[in-house]
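The chain contents come next:
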Protein chains: 2
Amino acid sequence: MSQTPKQTADRSVPTSADVARLAGVSRATVSYVLNNTASVRISEPTRRRVREAAEELGYVPHAAARSLRAGHTRMVVLPPATLPAGPLYGRFLAELQSALRRLDYTVVHYGSLGLDGDEAARSWAELRPVAVVALGEVGLTPHGVDVLKRSGARAVVTLGSRRVAGAHCFVMDQREVGARAVAHLVERGRRAIGVVMPQESGLERFSEPRIEGARRAAAAAGARIEALPLPYEEEPAAALAARWRGLGLDAVFTYNDDYAVLLMRALQDEGITIPAETAVIGADDLLLGRLQRPRLSTVHIDLVTGRKLAELVDRVVREPGEEPAVHDLMGARAVHRDST
Amino acid sequence: MSQTPKQTADRSVPTSADVARLAGVSRATVSYVLNNTASVRISEPTRRRVREAAEELGYVPHAAARSLRAGHTRMVVLPPATLPAGPLYGRFLAELQSALRRLDYTVVHYGSLGLDGDEAARSWAELRPVAVVALGEVGLTPHGVDVLKRSGARAVVTLGSRRVAGAHCFVMDQREVGARAVAHLVERGRRAIGVVMPQESGLERFSEPRIEGARRAAAAAGARIEALPLPYEEEPAAALAARWRGLGLDAVFTYNDDYAVLLMRALQDEGITIPAETAVIGADDLLLGRLQRPRLSTVHIDLVTGRKLAELVDRVVREPGEEPAVHDLMGARAVHRDST
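What you are looking at is a predicted structure, and each value in this text was computed from that prediction instead of being measured. (Residues numbered from 1 in each chain as written. Chains lettered and ligands numbered in written order. Predicted model: local features only at pLDDT ≥ 70, side-chain atom pairs only at ≥ 80, totals over all residues. Heavy atoms only, no water.)

**Overview of the overall build of chain A**
Thinking step 1. Regarding its fold elements, chain A presents 14 helices and twelve strands.
Thinking step 2. Every one of the 340 residues in chain A was classed for burial, and the buried ones make up 55%.
Thinking step 3. Considering only residue pairs separated by 6 or more positions, chain A has 71% of its internal contacts joining residues 24 or more positions apart.
Thinking step 4. About 14,700 Å² of surface is accessible on chain A, with carbon and sulfur atoms providing 49% of the total. (Helix = DSSP H or I, 4+ residues; strand = E, 2+ residues; numbered from the N terminus. Buried < 20%, exposed > 50% of the residue type's maximum accessible area, 1.4 Å probe, protein only. Contact = heavy atoms within 4.5 Å. Areas by Shrake-Rupley, 256 points an atom, 1.4 Å probe, with all protein chains shown as cover.)

Set out below in structure tokens:
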């Protein structure tokens, strides 16, 4: 190694052998010092010499090598959600990640584009994560859970609409959101109810079960449901509002609060009064809804907090014997304001 | 290995030696088959036997071992932004991650909580990433860039308000956003301009340079600036609106469109006419602003796309000789609608 530390181009990566040579110690000593191995006694001058040599050469230990020796990692794989996430889910995800980092885990977003189900599980297993948290429908099967556990994953947690045997499951029943919205509208005397279906791809995972729940609640009350496809754009909303009176609807569940703001504006621009002619209810209970006139009724969704989820992951990692259980991911309740 | 594949508790992780034994081949053959090494000829029946043995034992290769052998990874470290991100930045980040995944990189969000500057850079270097993309002010120094490059990182890219020597830098001048907003208000004849300062922690990285730019543009035009601290909540907005007329302002730059919607509602509830009494301009150019009445004027921000950033990362990884350059992260221009 005749290079000076300041050179940057076309040089080889320094190794622990280079550090050992420069410090005049063994490679094992380098490893003990730089990995802070507490069980080995090494004098402070030697430690200092090793650290200075590492600094001079720009050497840092290799986390993969360390995890190979340790046999496990502190890595949590989060298969990435490809969903266009709303603000509620975005906040949940940010909270989950920062809570995991505070618990000293490394969060890895590992894609499985083009891979399905068990293939994806195998690709996550290759990273030897200590935990996998599958957010949404990523096709994880009981066999996939088994592959992960056999590769060393201590906690496999899923969030989704279905249980997966062997995993700790947070089950989120989106049908509840649609059912609560429609039950509220029915209570307010409405019987001809539109349900906005967003056209952004990925959202059907939420909108399909929501309208299913809406249909179920409507059927129980003798009300009718009409699906209203709508992209999140001004012009299609104006076009829908222009033909609104021909639809014969007296209420609309707008999928969420953002769509409610979009559609309310278009309806009001057409002179349609809310709630007299048409009652409007959203979902998510955003501040934005309270800023509307009339104030927007909504379905409030209580999601498990990211912090609680991170704590569960950590507990299962430390005590992997804990029997996999099914938890409720969320609760939903209608909030009555002035738009219904 | 007398266990059956279905057992899940208290068993050891299967190794490639177990697979080799069950398939009756060498460990090297197992490695060649499961890592799809193209340069070694192995018969199809042998391949099948290895795959079946791996499947039966639930064995998957270890990515860390493979990257140790290969000497590099396809890992891109994104030090996590701890910022409460707006929808614009959220979309950019989602796009960047999915573009990197499509280019076959593994995206790792690696925290550096409690670590500062060079210490953080060393902790990223331990993962031996092929690239690091530092989003925002994560304290990366030229020395940190050097540590990363010496550990094998081929691309170090920063996004922030400053240049970092040695890195490919996307420099984002938030002052421009404030300057464009105030220049627009001055053009519309306003001279007493409030600037909303959000109270959410983390946002000062944006709001401080924005008000600095606002002050600069105001000074050039003989206008005055008044900072208006405001959390994103209904009651403080109402309280600010209640004392609005006493402030003697004829315009307000609301930091972004979300705050504009919050403050416009509060001002209108107080009977203050927009734009006659007070002109309002936001930033981000969200659909939400066009849904307001009057339609919201705004500062449109052109961010580099996540896809373009991912392509730059990939190009530099493949040709690490490319001279580090400074790019503009964004452009900003005022969009005149009805609120100013």
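The discussion continues.
**What about the confidence of the model for chain A?**
Thinking step 1. Per-residue confidence for chain A gives a mean pLDDT of 86; residues scoring 70 or more make up 88%.
Thinking step 2. Here residues 1-10 of chain A is a poorly scored stretch, pLDDT under 50, and it has 14 contacts once near neighbours within four places are set aside; other chains count. (pLDDT = per-residue confidence, 0-100.)

**A few points about the environment of Pro 129 of chain B**
Residues and elements named next belong to chain B.
Thinking step 1. Within the secondary structure, Pro 129 is located in the loop between helix H6 (117-125) and strand S3 (131-135).
Thinking step 2. Classification of Pro 129 as buried rests on a relative accessible area of 1%.
Thinking step 3. Considered as a pair, Pro 129 and Val 108 are 21 residues apart in the sequence and their alpha carbons are 9.0 Å apart.
Thinking step 4. In contact with Pro 129, other than residues within four places in its own chain, are Thr 73, Met 75, Val 77, Trp 124, Gly 152 and Ala 153.

**What about unusual backbone geometry?**
Thinking step 1. Between Ile 274 of chain A and Pro 275 of chain A the backbone carries a cis peptide bond, its omega angle lying at 5°.
Thinking step 2. Positionally, Pro 275 of chain A belongs in the loop between helix H12 (257-269) and strand S9 (279-281).
Thinking step 3. Residue Pro 294 of chain B is reached from Arg 293 of chain B by a cis peptide bond, and omega for that bond is -5°.
Thinking step 4. Positionally, Pro 294 of chain B belongs in the loop between helix H13 (287-290) and strand S10 (298-303).
Thinking step 5. Look at Tyr 255 of chain B: it is not a glycine, yet its phi comes out positive at around 75°.
Thinking step 6. Inspection of the secondary structure puts Tyr 255 of chain B in the loop between strand S8 (251-253) and helix H12 (257-269).
Thinking step 7. For Asp 284 of chain B, which is not glycine, the phi dihedral falls at a positive 115°.
Thinking step 8. Looking at where Asp 284 of chain B falls in the secondary structure, it is placed in the loop between strand S9 (279-281) and H13.

**Re the packing of helix H1 (residues 16-23) of chain A against helix H3 (residues 44-57) of chain A**
All names here are of chain A.
Thinking step 1. It is the contact of H1 with H3, at a shortest axis distance of 9 Å, that shows an interaxial angle of 125°. On the basis of the axis angle, H1 is oblique to H3. Note that H1 runs across H3; the crossing there is right-handed. Of H3, the residues touching H1 (which contributes Asp 18, Val 19, Leu 22 and Ala 23) are Arg 49, Val 50, Ala 53, Ala 54, Glu 56 and Leu 57.
Thinking step 2. Taken together, the residues that form the contact of H1 with H3 break down as seven nonpolar, no polar and three charged. (Axes fitted to C-alpha atoms, helices over the stretch in contact; angles between N-to-C directions. Parallel < 35°, antiparallel > 145°, perpendicular 65-115°, else oblique. Left-handed = near helix turned anticlockwise from the far one by under 90°. Nonpolar A, V, L, I, M, F, W, Y, C, P; charged D, E, K, R; others polar.)

**Considerations on the nonpolar core**
Thinking step 1. Residues Trp 244 of chain A together with Trp 244 of chain B are the most contacted members of the largest nonpolar core, which totals 164 residues.
Thinking step 2. With residues up to four places along the chain from it excluded, the contact list for Trp 244 of chain B reads Leu 228, Leu 249, Val 252, Leu 263, Leu 267, Ile 272 and Thr 278 of chain B.
Thinking step 3. Core analysis: the second largest hydrophobic core is formed by 46 residues, Val 108, Ala 120 and Ala 153 of chain A together with Val 132 of chain B among them. (Core = buried A, V, L, I, M, F, W, Y, C linked by side-chain atoms within 4.5 Å.)

**Some remarks on the sheet that holds strand S5 (residues 168-171) of chain A**
Thinking step 1. Taken in spatial order, the twelve strands make up an open sheet running S11(A)-S5(A)-S4(A)-S3(A)-S1(A)-S2(A)-S2(B)-S1(B)-S3(B)-S4(B)-S5(B)-S11(B), and their pairing is mixed. For this open sheet the edge positions go to strand S11 (326-328) of chain A together with strand S11 (326-328) of chain B, each flanked by a neighbour on one side alone. Each neighbouring strand pair of the sheet contributes to a mean axis angle of 20°, computed without reference to strand direction.
Thinking step 2. Here four bridges tie strand S1 (residues 75-78) of chain B to strand S2 (residues 106-109) of chain B, and the two strands are oriented parallel to one another. Bridging across to S2 of chain B, Val 76 of chain B finds its partner in Val 107 of chain B.
Thinking step 3. Packing of helix H14 (residues 306-318) of chain A onto the sheet brings it into contact with strand S3 (131-135), strand S4 (155-160), S5 and S11 of chain A, and relative to S4 of chain A it is tilted by some 150°. (Pairing = 2+ DSSP bridges.)

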